[in-house]
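Here is how the chains run, residue by residue.
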Amino acid sequence: VQLQASGGGLVQAGGSLRLSCAASGRTFSSYAMGWFRQAPGKEREFVAAISWSGGRTSYADSVKGRFTISRDNAKNTVYLQMNSLKPEDTAVYYCAARIPPAGYNYWGQGTLVTVSS
């Protein structure tokens, strides 16, 4: 599966953005999907994940209550709605795919989110 992330940009603190990740292929619904991010000078970290059906989600503590992951299998797309953004959310955001129990082995190219204070 090939992944293309989009939707990043510059936003003021307290604002919102919605990231999208479009997947190629007809087996998108077989994959669990995740969002990760990497801030300058830091390691990549987990943000959110969603099961193949969308029935189960999980979030990093740092984004819980502010971010929402969702998916539309008919559109081969996973979303990350980000609200109440903080400067510390500034990072390159990556979407990734896996077929459990394997790890994430398909990655998109990343989209930059910059939150100004």
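Residues numbered from 1 in each chain as written. Predicted model: local features only at pLDDT ≥ 70, side-chain atom pairs only at ≥ 80, totals over all residues. Heavy atoms only, no water.

Observations regarding the environment of P100
Short version of the rule: Counting from the N terminus, the helices are DSSP H or I runs at least four residues long and the strands are E runs at least two residues long.
Inspection of the secondary structure assignment puts P100 in the loop between β9 (91-98) and β10 (106-107). It is 9.3 Å that separates the C-alpha atoms of P100 and S51, two residues lying 49 residues apart in sequence.

Considering the environment of P101
Mapped onto the fold, P101 is located in the loop between β9 and β10. Separated by 25 residues in the primary sequence, P101 and N76 have C-alpha atoms spaced 21 Å apart.

Side note on the sheet that holds strand β1 (residues 3-6)
Strand-to-strand pairing in sheets goes through backbone hydrogen bonds, with the strands running parallel or antiparallel. Inclusion rule: Paired strands are those between which DSSP finds at least two bridges. To get an axis, fit a line to the C-alpha atoms, keeping to the stretch in contact for a helix; angles then go from 0 to 180 degrees between the N-to-C directions.
Strand order in the open sheet made by the 4 strands is β1-β3-β8-β7, with antiparallel pairing throughout. The outermost strands of the open sheet, each flanked by one partner alone, are β1 and β7 (67-72). On average, each strand axis in the sheet is inclined to that of its neighbour by 15 degrees, with strand direction left out of account. Both strand β3 (residues 17-23) and strand β8 (residues 77-82) contribute to a ladder of 6 bridges, which runs antiparallel.

Thoughts on the pattern of salt bridges
Just so we agree on the cut-off: By definition here, a salt bridge exists when the distance from a side-chain nitrogen of Lys or Arg to a carboxyl oxygen of Asp or Glu is within 4 Å. Exposure categories follow from relative accessible area, calculated using a 1.4 Å probe and restricted to protein chains: below 20% of the type maximum is buried, above 50% is exposed, and the middle band is partly exposed.
Tallying each qualifying case throughout the model produces 4 salt bridges. Here D89 and R37 are joined by a salt bridge, their closest N and O atoms 2.9 Å apart. You can see D89 sitting in the loop between β8 and β9 and its partner R37 sitting in strand β4 (residues 32-38), a full 52 residues away along the chain. R37 carries the same exposure label as D89, and that label is buried. Between R66 and D89 there is a salt bridge; the shortest N-O distance is 2.7 Å. Taken together, the residues span a long stretch of sequence, with R66 in the loop between β6 (57-59) and β7 and D89 in the loop between β8 and β9 at a distance of 23 residues. The pair formed by R66 and D89 is uniform in burial state, with each residue classed as buried. Within the structure, one salt-bridge network assembled from shared partners comprises R37, E45, R66 and D89.

Considerations on the packing of aromatic side chains
For clarity, the threshold we go by: Two rings from Phe, Tyr or Trp (for Trp, the six-membered ring) form a pair when their centres are within 6.5 Å of each other. A pair whose planes differ by under 30 degrees is stacked, one over 60 is edge-to-face, and the rest are tilted. Working rule: Lys NZ or Arg CZ, within 6 Å of ring centre, within 35 degrees of ring normal, means a charge sits over the ring.
Tallied over the entire structure, the rule returns 5 aromatic pairs. Plain terms: the ring middles of Y104 and W107 are 6.3 Å apart, the flat faces sit at 55 degrees to each other, and that makes the pair tilted. Connected via pairs of aromatic rings, a cluster forms that spans F36, F46, Y104 and W107. We note R71 situated over the ring of F28; from NZ or CZ to the ring centre the distance is 4.5 Å. One cation-aromatic arrangement involves R98 over Y104; the distance from NZ or CZ to the ring centre is 5.4 Å.

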